[in-house]
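# Fold and contact review
Here are the chains, one letter per residue:
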Amino acid sequence: DVKVTQSSRYLVKRTGEKVFLECVQDMDHENMFWYRQDPGLGLRLIYFSYDVKMKEKGDIPEGYSVSREKKERFSLILESASTNQTSMYLCASRTRALGYQYFGPGTRLTVT
Amino acid sequence: ILNVEQSPQSLHVQEGDSTNFTCSFPSSNFYALHWYRWETAKSPEALFVMTLNGDEKKKGRISATLNTKEGYSYLYIKGSQPEDSATYLCASYNTDKLIFGTGTRLQVFP
């Protein structure tokens, strides 16, 4: 059974803190993605990675960075958290171009 | 960025009713359309991937159609059940990235 896990379901951080969101998939997928979801907006792509050590900016990369040191793990980093980064963050992976994306359960981050 | 739009934004139906909602997307440079179901406190789950004009897909009581020439897809649920309550997302590929609509939130009342 396909599985994408995220390190936390809920997280509360203070403005200015460095925040790490971890995502792990057990399907040997090459492609991995980070999205955020806000009320009234669709899932928006922050960063994605085609393979280990590769990263590409999505539509809203400002204020974020990523790390992909191992194939199964894709980390999203908020260098200095701000209140406008309060959101639901979803990680996904896929096996091939244009294929299904498999999502993690999401991390609801609150920055105070 | 291409726009993917879904309507209605939300829908309340009685158990047993059939319902449908719409996803519209730019028809130029179409690659594929995805439908996902996202239940509260769970991960979004893939329902269908559709690529060909005229495609029809079915999974139990849920089915979907695709018109790539005019840029729309319909999702149908026959005989809605309370467990169908979820947000239904559609997404269209722009080159290699999925662009998501804002979703249709369906609530089915017993």
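Anything mentioned here points back to the structure above.
What counts, and where the lines are drawn
Residues numbered from 1 in each chain as written. Chains lettered and ligands numbered in written order. Predicted model: local features only at pLDDT ≥ 70, side-chain atom pairs only at ≥ 80, totals over all residues. Heavy atoms only, no water. Disulfide = S-S within 2.5 Å. Helix = DSSP H or I, 4+ residues; strand = E, 2+ residues; numbered from the N terminus. Buried < 20%, exposed > 50% of the residue type's maximum accessible area, 1.4 Å probe, protein only. Contact = heavy atoms within 4.5 Å. Buried area = accessible area lost by both parts, 1.4 Å probe. Salt bridge = Lys/Arg side-chain N within 4 Å of Asp/Glu carboxyl O. Polar contact = N/O pair within 3.5 Å; in protein donor to acceptor, adjacent residues only side chain to side chain. Nonpolar A, V, L, I, M, F, W, Y, C, P; charged D, E, K, R; others polar.

A few words now on the state of the cysteines. By the definition in use, this model includes 2 disulfides over all chains. Across the disulfide from Cys23(A) sits Cys91(A); the S-S distance is 1.9 Å. Linking Cys23(A) and Cys91(A), the disulfide has an S-S dihedral of approximately -75° and is accordingly described as left-handed. Here Cys23(A), found in strand S3 (residues 19–25), pairs with Cys91(A), found in strand S9 (residues 87–94); they are 68 residues apart in sequence, far enough to count as distant. On the basis of relative accessibility, which here comes to 0%, the residue Cys23(A) falls in the buried class. Here Cys91(A) falls in the buried class, since its relative accessible area comes to 0%. Note on cysteine connectivity: Cys23(B) is disulfide-linked to Cys90(B), with sulfurs 1.9 Å apart.

A few words on the interface of chain B and chain A. Across the contact, 23 residues belong to chain B and 21 residues belong to chain A. When the two sides are added together, the surface that chain B and chain A hide from each other amounts to roughly 1800 Å², 60% of it contributed by carbon and sulfur. When the buried area of chain B at its contact with chain A is split by residue, Asp96(B), Lys97(B) and Phe100(B) rank highest and sum to 29% of it. If you look at where chain B meets chain A, you find 1 salt bridge. Here Asp59(A) makes a salt bridge to Lys97(B), at a shortest N to O gap of 3.3 Å. Our enumeration of links across chain B and chain A arrives at 7 residue pairs in polar contact (both at pLDDT 80 or more). Secondary-structure elements contributing two or more residues to the side of chain B that touches chain A are strand S4 (33–38), strand S5 (45–50), strand S9 (86–94) and strand S10 (97–100) of chain B. Of the residues belonging to the side of chain B that touches chain A, the class tally is 15 nonpolar, 5 polar and 3 charged.

Residue and element names in this part refer to chain A. Looking at the secondary structure, you find Ser87 in strand S9. Here the side chain of Ser87 touches Arg36 through a polar contact of 3.4 Å, side chain to side chain. Of note is the side chain of Ser87, whose polar atom sits 2.8 Å from the side chain of Asp38. Discounting chain neighbours no more than four positions away, the residues touching Ser87 are Arg36, Gln37, Asp38, Thr107, Arg108 and Leu109.

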